[in-house]
Amino acid sequence: MSTQLSSEVKRVTTHTIQELKNRGEKISALTAYDYSMARIVDAAGIDLILVGDSASNVIAGHETTLPITLDQMIYHAQAVVRGVKRALVVVDLPFGTYQGNSEEALRSAIRIMKESGAHAVKMEGGLEIKESITRILSAGVPVMGHLGLTPQSIYKFGTYTVRAKEETEAQKLMEDAKMLDEVGCFAMVLEKIPAALTQQVSKNVGIPTVGIGAGPHADGQILVLHDMLGINKEFKPRFLRRYADLHTAMTDAISNYVKDVKANDFPNEKESY
Ligand code: KIV
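Caption draft 1: Structural detail: the environment of L88. Examined against the element boundaries, L88 turns out to sit in strand β5 (residues 88–92). On the basis of relative accessible area, L88 is assigned to the buried category, the value being 3%. For the pair L88 and V12, spaced 76 residues apart in sequence, the C-alpha to C-alpha distance is 5.2 Å. Among all residues touching L88, those that are not within four sequence positions of it are V12, T13, T14, I17, D47, L48, I49, H119 and F186.

Caption draft 2: Focus on the packing of helix α6 (residues 130–138) against helix α8 (residues 167–183). Look at α6 against α8: their axes get within 10 Å of each other, and the N-to-C directions meet at 20°. The orientation of α6 relative to α8 falls into the category roughly parallel. Every pair of crossing elements has a handedness; the one defined by α6 and α8 is right-handed. Mapping the contact onto sequence places K130, I133, T134 and L137 in α6 and M179, L180 and V183 in α8. Counted by class, the contact of α6 with α8 contains five nonpolar, one polar and one charged residues.

Caption draft 3: Quick peek at the packing of aromatic side chains. According to the stated counting rule, one finds one aromatic pair in the structure shown. Taking the centre distance of 5.9 Å and the plane angle of 65° together, the rings of Y257 and F266 count as edge-to-face. A relative accessible area of 49% places Y257 in the partly exposed class. The ring centre of F157 lies 4.1 Å from the NZ or CZ of R163, which sits over that ring.

Caption draft 4: Inspection of helix α1 (residues 14–22) at higher detail. Among all positions in α1, only T14, T16, I17, L20 and K21 are buried. Seen from one end, α1 has its buried residues packed into an arc of 160°, which puts them on one side. Looking at the buried positions of α1, the neighbouring elements they touch are β2 (10–11), β3 (27–31), β4 (48–51), β5 and α9 (195–204). N-cap assignment for α1: the residue whose side-chain oxygen lies 3.1 Å from the backbone N of H15 is T13. At the C-terminal side of α1, G24 shows a positive phi close to 75°.

Scoring rules and cut-offs
Residues numbered from 1 in each chain as written. Predicted model: local features only at pLDDT ≥ 70, side-chain atom pairs only at ≥ 80, totals over all residues. Heavy atoms only, no water. Helix = DSSP H or I, 4+ residues; strand = E, 2+ residues; numbered from the N terminus. Buried < 20%, exposed > 50% of the residue type's maximum accessible area, 1.4 Å probe, protein only. Contact = heavy atoms within 4.5 Å. Axes fitted to C-alpha atoms, helices over the stretch in contact; angles between N-to-C directions. Parallel < 35°, antiparallel > 145°, perpendicular 65-115°, else oblique. Left-handed = near helix turned anticlockwise from the far one by under 90°. Nonpolar A, V, L, I, M, F, W, Y, C, P; charged D, E, K, R; others polar. Phe/Tyr/Trp six-rings, centres within 6.5 Å; stacked < 30°, edge-to-face > 60°. Lys NZ or Arg CZ within 6 Å of the ring centre and 35° of its normal. Arc of directions from axis to C-beta. Polar contact = N/O pair within 3.5 Å; in protein donor to acceptor, adjacent residues only side chain to side chain.

Encoded structure:
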């Protein structure tokens, strides 16, 4: 089901995302954190935009996603929502705003929905956070789950290596995935797990799976925008395909500008009033 909000644009809804899985069409997803980038990503035809807490890394320069606050996520989400006409906008609930207490979880989700105008929230974890997930869902807020590598738990795991390679962890992930499906999440991210496990999960749950470093069998794929655009040269995981080399393009543009200013070649007569 798509909602017709204007004569031209059919908005992607959580129902559209489910329909894509039902008819075997892959879901395309990317992150965005600001108005200008979100406009470009949306106009290029993406189905789902995640205002990820990876903003903590790629925008704020932190080593982990833990420091970003709810106010900061809302600020990013507001900017993204202003730039988007078609895509479904999902916002990460940041670390510490939902794990311990379902009442606080609901308050956090409601703040995101009310103050940003986004369409859904994403939460990392399985059975441990079931109560928070169901409470948010019961308020009518769509929830996207996130299993596998969950960066908010980095200090528990100690590394960013592939998860659920062992049978017990794979079984737990499958149980968590079934729970997310049963309680009514509309989709789930599967991050950095073996491709065969992604295939099994995607077959065994009704809701769409969206993979990152999880192989080709997920119902959709997501990447961090700055990584796939090649803005960050140092980050080179095996799963990342770079679709541009913006680091080089931007460095060249900026150094040419510096050269022109120093040579008094910019602005020229045509560029002056
Ligand atoms: O925060 C984020 O960007 C994410 C994606 C990697 C799925 O959670």
